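# Working through the structure, step by step
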Amino acid sequence: MKFITPSGQELSCLRADPLLVEQELDVRPEVARALENAAGMRAGRVFWRSEHDHLYALELGDLGRGLPSLANVYGFWDRYEPRPPEHEIDADLLDFSVWVAGVIEGMGEADVRLVAQFAQQQTGRVKVTWPEGSVLRTPDERFVDLPGYPYPPRYVEIEGLRMAYVEEGSGDPILMLHGEPTWGYLYRHMIPPLAAVGRVIVPDQIGFGRSDKPVADNAYSYRAFVRWMRKFIFELDLTRITLVCQDWGGLVGLRVVAQVPERFARLVAMNTGIPDGQVTRSEAGVVERSGLGGAFMQWRRLSQRQKEFDLPAMMKTAVRGRALSDAEAAAYGAPFPSVEYQTAALLWPRQVPVRPDHPGAYENHAAIQTLRGLELPVLLPWAEGDAITRAGEGVLRSIFRNCAPPLPIKGAGHFIQEDAGEEVAGHIARWIQQTPVA
Amino acid sequence: MSRGLRAKPGWLAGLFPWEQHAISVNGRTMAYVDEGDRDGRPVLLLHGNPTWGFLYRDFVPPLAAAGYRAIVPDWVGAGYSDKPRVDSALTTAHHIADLVSLMDQLRLRRFVIVGQDWGGPQGVGAAMQRLERLDALVLMNTWLFTGYVGRFHSSPRPWTTWHAPLVGQFFMKRHKVLSHAGASIVSRRGMTDAEARAYHHVYDEPDSDHVVLTWPRTIPMREGDRGWQDMLAIERRLPELAGIPTLLIWAPEDNVFTIDYASRLKELLPHAEGPLTFDNAAHFLQDDRGPDIASAIVEFLDRTVGRSP
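Calculation notes
- Residues numbered from 1 in each chain as written.
- Chains lettered and ligands numbered in written order.
- Predicted model: local features only at pLDDT ≥ 70, side-chain atom pairs only at ≥ 80, totals over all residues.
- Helix = DSSP H or I, 4+ residues; strand = E, 2+ residues; numbered from the N terminus.
- Rg over C-alpha atoms; globule rule 2.2 N^0.38 Å.
- Buried ≥ 20, exposed ≤ 12 C-beta atoms within 10 Å, placed from the backbone.
- Contact = placed C-beta atoms within 7 Å.
- Domains from an automatic or database assignment.
- Nonpolar A, V, L, I, M, F, W, Y, C, P; charged D, E, K, R; others polar.
- Pairing = 2+ DSSP bridges.
- Axes fitted to C-alpha atoms, helices over the stretch in contact; angles between N-to-C directions.

A separate point is the overall build of chain B. Regarding its fold elements, chain B presents 13 helices and eight strands. In terms of overall dimensions, chain B is globule-like: its C-alpha atoms have a radius of gyration of 18 Å, near the 19 Å expected for 309 residues. For the C-alpha atoms alone, the extent of chain B along its principal axes is close to 50 × 45 × 40 Å. Counting only residues that meet the buried cut, chain B has 52% of its 309 residues in that class. A sequence separation of at least 24 residues applies to 74% of the contacts in chain B between residues at least 6 apart.

A tally of regular secondary structure across chain A gives 15 helices and 17 strands. On C-alpha atoms alone, chain A measures out to a radius of gyration of 23 Å, which is about the 22 Å that the 2.2 N^0.38 rule sets for 438 residues. Across the 438 residues that make up chain A, the buried fraction comes to 45%. Relative to all contacts within chain A whose residues are 6 or more apart in sequence, the contacts with residues 24 or more apart total 73%.

Moving on to the domain arrangement of chain A. The assigned domain composition of chain A is domain 1 (8-123) and domain 2 (135-434). Tallied by class, residues from the side of domain 1 of chain A that touches domain 2 of chain A come to five nonpolar, two polar and five charged.

On to the sheet that holds strand E7 (residues 246-250) of chain B, then. The pairing of strands in a sheet comes from backbone hydrogen bonds and takes either a parallel or an antiparallel form. Residue and element names in this part refer to chain B. Pairing is mixed across the open sheet formed by eight strands, whose spatial order is E1-E2-E4-E3-E5-E6-E7-E8. Since the sheet does not close on itself, it has two edges, and those belong to strand E1 (20-25) and strand E8 (273-277), each with one partner. Strand-to-strand, the axes of this sheet are offset by a mean angle of 25°, without reference to chain direction. One ladder, built from four bridges, connects strand E2 (residues 28-35) with strand E4 (residues 69-73); its direction is antiparallel.

This next bit is on the environment of A:Leu146. Residue and element names in this part refer to chain A. Tracing the backbone shows Leu146 in the loop between strand E5 (135-136) and strand E6 (154-158). Along the sequence, Leu146 and Pro356 sit 210 residues apart, while their C-alpha atoms lie 41 Å from each other. Ignoring sequence-local partners within four residues, the contact set of Leu146 consists of Tyr185, Ala331 and Ala334.

Listed by partner, the interface residues are 28 residues for chain A and 21 residues for chain B. For the side of chain A that touches chain B, the elements supplying multiple residues, two or more each, are strand E1 (14-22), strand E4 (70-78), helix H3 (86-103) and helix H4 (109-123) of chain A. For the side of chain A that touches chain B, the element with the highest residue contribution is H4(A), accounting for eight residues. Per-class residue counts for the side of chain A that touches chain B are 18 nonpolar, five polar and five charged.

When a strand is regular, its side chains alternate between the sheet's two faces. All names here are of chain A. Among the five residues of strand E8 (residues 173-177), five are classified as buried, and the element is accordingly described as predominantly covered. The alternating pattern of E8 places Pro173, Leu175 and Leu177 on one face and Ile174 and Met176 on the opposite face, and all of these are buried. Across three bridges, the pairing between E8 and strand E9 (residues 199-203) is parallel. Bridge pairing in E9 links Leu175 to Ile201. Across four bridges, E8 lies against strand E11 (residues 241-246) in parallel orientation. Each bridged residue has a counterpart across the sheet, and for Met176 the counterpart in E11 is Val244.

As structure tokens, this is what we get:
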């Protein structure tokens, strides 16, 4: 367990939840002493981040005996969000228990795992996986004969969830990330031209497309989407990645770039951003947050009044460069047989951090500092007609120091991959070839 | 002065029809069943971890029918008694003081102690403070000594691991592995769901099963451990029980208090009868073989001290 020092700003966005409360550690002074040594303190808190990127603290308290008597473990959750899934907390606390066993003389780390298994078999408790019925999988037959998307799905397992992706071509990976409320299908016009210059990989984010869909709201958090995508990249062991992203594809992808920059070679960001909730002023002098203008706030409000999304209708209205056929529009509804499958899609607009104390705002703020230091070549194809992310290009231009000249895409709206997919893919393919990386 | 007890759920009435009384001991409310002739000889039936008075449901009717007064307390921290969330209210000495308080307030005299698991040391410990009023003793799958720890209690799989510092908070408190499954998984007879629920529903509330964790942590393993001195004090005074009719009843299939423990008790209490063994019974022999064991106890008491105090 690696102890870290979270900033006061991060802690101010989180709430502490007592999980383990030990009152009289000092009845076994050798144990109290061992924990004191392992934590490097007699009283106070040490923090660590778990496998699930959750922040935890071990708090020791000395009541005057000269050794810790109180020992509490806290989980820190986003202040305005529900607790994360209990099985994630269980898995993290089990890891902590194994650490404790390593610290206390006479205890075995393997015994803790064995006892957890025993308890699981005997009592059905201590489950560290998704409870039965908590995850939905869209039936395969809903994805048969999709127009323009003949690519066979491939799957990896991330934290017990099946994550789907398609792959075409060879060479350095070109990772293309979709956003709200779409899936890999959005990139179908761009796959052939880019598969000619690299190994195109198009995953469906958890909760979308052919990937598994936890039902409960609290399964999804900004942090979880970032974590899942990072683990996807590790699972496929992708390096020298050219990241292509739009909408939430960027909100997720840019955070992953900041976490593991060594794996990325180039960045193509389209109609997206990395909002940290800070106030900005548009060229016209209008106050905005993170480049998110009135059009986004309107969409956010509107989306949160919907009980269910009618995806085919929404996409038909939104796509403007060309007319979506009924079959194409239906493909956007394919992942969602009913509203239970739409949890993530319904949540995403709300999860965009628009104030500095919103979940994800601090992490984005910190990620931006990292991104500022990168030499990564950046291409920003931006739709001229997307009101939602209009100001976002300027924000990204102020973050990345190595940006290609502006590339406005005429006649395109928010779903630039539909409106001008081939054109944009052509620009990207040329830029990749003109922008060699070490 | 004592506060009322938490209301019992309707489904429990068929399994546990007796009213529990409330009495205040050392500032906490203790729940107890008090059935049978008030002038009959009091028989204190004492449970252990992680059970409550429900464990003795097959003992109350035969004892009452035979003219005895069956008193079944729930230890503070367990059953329908108060559930303090502090370690210091749940030490051996504290439990003993609670029972002494009950004995005194009910003015029990010429009584019998029947104890299993923690009911043994805590019952005998209390009786030793009122030795002049103790008439007979029945011990079942328990212990009253330091210096011998069996395989179950010294094994890290699962025992010492799942109540270890901090780790125990995860297994016992967060997951209630012992309070919610302990009684039913070792049942030889095979419990109904309702019976299993009767044992664990008293610990449904978060953090209510503090005693289920403090009890394992009070088992004295080495000198200096919490509970060592209390147990040693009992052990040293065992010779004073020489004149008290004593019966050992044992379930040799119990892997917690194996027959080795009975042999050790027999060395320390050479005057004791038994061990009278019961098969098809494990740690909670009162649940596995209730009516049979109850008649054995009635037979022993009728023969030695009788129903009239």
